[in-house]
Amino acid sequence: MPHFLDIHTTDTDDLTTMIAEARRMKDARAGLPKGTPDAEQPLKDHMVALIFEKPSTRTRVSFDVGVRQMGGQTLVLTGSEMQLGHGETIADTARVLSRYVDLIMIRTFDEAVLHELAEHASVPVINGLTDQSHPCQIMADMLTFEEHRGPIRGKKVVWTGDGNNVCTSFLHAAGKFGFDLTFTGPETLEPAASAMAFARDAGSKVVIERDPAKAVEGADLIVADTWLSMHDAQSARERRHNQLRPYQVNEALMQANGNKALFMHCLPAHRGEEVTSAVMDGPNSVIFDEAENRLHAQKAIMRWCLGR
Ligand code: CP
Ligand code: NVA
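These figures come from a predicted structure and were not determined experimentally. (Residues numbered from 1 in each chain as written. Chains lettered and ligands numbered in written order. Predicted model: local features only at pLDDT ≥ 70, side-chain atom pairs only at ≥ 80, totals over all residues. Heavy atoms only, no water.)

The immediate surroundings of ligand 2 are formed by Leu129, Asn164, Asn165, Val166, Asp225, Ser229, Met230, Cys266 and Leu267. Note that a nitrogen atom of ligand 2 is positioned 2.7 Å from one of the side-chain N or O atoms of Asp225. Protein contact buries 94% of the 270 Å² of open area that ligand 2 shows by itself. The pocket occupied by ligand 2, as judged from atoms lying within 2 Å of grid points, is the second largest pocket. Of the residues in the shell around ligand 2, the class split is five nonpolar, three polar and one charged. (Near = heavy atom within 4 Å. Polar contact = N/O pair within 3.5 Å; in protein donor to acceptor, adjacent residues only side chain to side chain. Areas by Shrake-Rupley, 256 points an atom, 1.4 Å probe, with all protein chains shown as cover. 1 Å grid on protein atoms, 1.4 Å probe; cavity = no way out; pocket = protein on both sides within 12 Å on 5 of 7 lines; lining within 4 Å. Sits in = over half its atoms within 2 Å of the grid points. Nonpolar A, V, L, I, M, F, W, Y, C, P; charged D, E, K, R; others polar.)

Listed below in C-alpha cells is the structure:
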C-alpha cells in the first residue's frame, strides 16, 4: 500500500517524481481562480478523510482545496469528535474508515498512531504531522527551494533553534535529496539521533554548531520554527525562550550569512521570537511560497498514493 508516512521511508525516485509532478500541476493552473477545477480530474469520485488531532490552518485548507481541484470530495474530522478520541481503537477506526473513503490524511500526536492506522487501513494513509515528523511540509519546502535556487543537491541548509519534528523531516530530506544540514541550537534540543544518522548514512554532512553566526556561514537556506511545538508542554515555555533566544533569526544573523540564503519557516510563526518581522517580510523570505506549495506538493503526494 503506497502510504506517505515519512520521507526517509519513501523511494527516492518517487520523491523526485512527486516534486516534478507538483511543479507541473502548479504551472498548469497559473493565474486561474483558486476554485477552478484542474483540467485533469484524477480524484473524480474519490472521497478523502482529513483527520486532525491537533490544530491546523495550512494543512487543513491545502489538503481540502487540493482534493477539490482534482475532482474529489473531503470529510474534515477532528479527533475529539470521533470515537477515536473516546476509546475506539486506532485499528478499528482504520478498518471502518477504509470502508467509506479512498484515502486518509491524519495529523496526530505520537507517530505510533499513524503507523497503527496505516497498518490496519486498506487505503493509503498520509502523515499530516506527528510529534516526530512533518514530511508534507518538507516536500513543499523542496519544491520551494528548487523554484528559487535550482537543485538542492549539494547545498547547505541551516536549522536554527529546536531540533523538532520539522527538523527531523529536513534531515530525512537531506539524506534523500543530497544536501548538507547544520543544526544550531542548544544541546538539550538537538535533533533526533536517528534522523541525523539517516542523513549521514546517506552521505550528507550533518554538523552541530553552537554559534549561530558561524553556523550560517555559506548557507543557502536558513530555517526556523516555533520554540514550542504543539506537542510541547506550555510549562516548558519560559525555559525554552531563555535557551533559544540566542538562536533567533534576525537581520544580524542574515548579515552574518552575507544575506545570501533563502529564509524558510513552515508557519505559524511567532514574530519577534524565533524570527523577526524584518526577516519574515524581507527579500530572502519565501515563507508564503512554502505555504502555497503545500497545496501543489500534497496534490502530487495524493496522486502517488492513489496511483493516479
Ligand atoms: N505548516 C503547517 O503545517 O501549518 P498548519 O499547522 O497550519 O497546518
Ligand atoms: N513544530 C511545529 C510545526 C507546526 C506546523 C509543531 O509541531 O507545532
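That covers the picture; the talk isn't over yet.
For a regular strand, side chains alternate in direction, first toward one face of the sheet and then toward the other. Summarising burial for strand 6 (residues 180-184): four of the five residues are buried, a large majority. Judged from the five bridges that link them, strand 5 (residues 156-160) and strand 6 form a sheet pairing that is parallel. Bridge pairing links Trp159 to Phe183 in strand 6. Viewed along the sheet, the connection from strand 5 through helix 6 (residues 165-177) into strand 6 turns out right-handed. As paired strands, strand 6 and strand 7 (residues 206-208) are joined by three bridges and run parallel to one another. Residue Phe183 lies in a different strand from strand 7, and its bridge partner there is Ile208. (Buried < 20%, exposed > 50% of the residue type's maximum accessible area, 1.4 Å probe, protein only. Helix = DSSP H or I, 4+ residues; strand = E, 2+ residues; numbered from the N terminus. Pairing = 2+ DSSP bridges. Right-handed = clockwise from strand over helix to strand, strands pointing away.)

Our next topic: the site of ligand 1. The full set of residues close to ligand 1 is Ser56, Thr57, Arg58, Thr59, Arg107, His134, Gln137, Cys266, Leu267 and Arg294. Separating an oxygen atom of ligand 1 from a side-chain N or O atom of Arg107 is a distance of 2.8 Å. Between ligand 1 and the protein, one listed contact pairs an oxygen atom with a side-chain N or O atom of Arg294 at 3.0 Å. With the chains in place, 96% of the 260 Å² that ligand 1 exposes on its own is no longer accessible. Judged by its atoms lying within 2 Å of the grid points, ligand 1 is housed in the second largest pocket. Residues belonging to the shell around ligand 1 are distributed by class as follows: two nonpolar, five polar and three charged.

The next point concerns the environment of Ala224. Inspection of the secondary structure puts Ala224 in strand 8 (residues 221-224). When its relative accessible area of 1% is taken as the criterion, Ala224 is described as buried. Each C-alpha atom, one on Ala224 and one on Pro283, is 16 Å from the other, the two residues being 59 residues apart in sequence. Apart from the residues lying within four places of it in its own chain, the contact partners of Ala224 are Thr160, Val249, Phe263, Met264, His265, Cys266 and Glu274. (Contact = heavy atoms within 4.5 Å.)

Pairing in this open sheet of four strands is parallel, and the strands run 2-1-3-4 from one edge to the other. If you trace the sheet from one side to the other, it starts and ends with strand 2 (73-78) and strand 4 (125-127), each paired once. Across the sheet, the mean angle separating the axes of adjacent strands is 20 degrees when strand polarity is ignored. The sheet contact formed by strand 3 (residues 103-107) and strand 4 spans three bridges and is parallel. Residue pairing in the sheet places Ile104 in a bridge with Val125 of strand 4. (Axes fitted to C-alpha atoms, helices over the stretch in contact; angles between N-to-C directions.)

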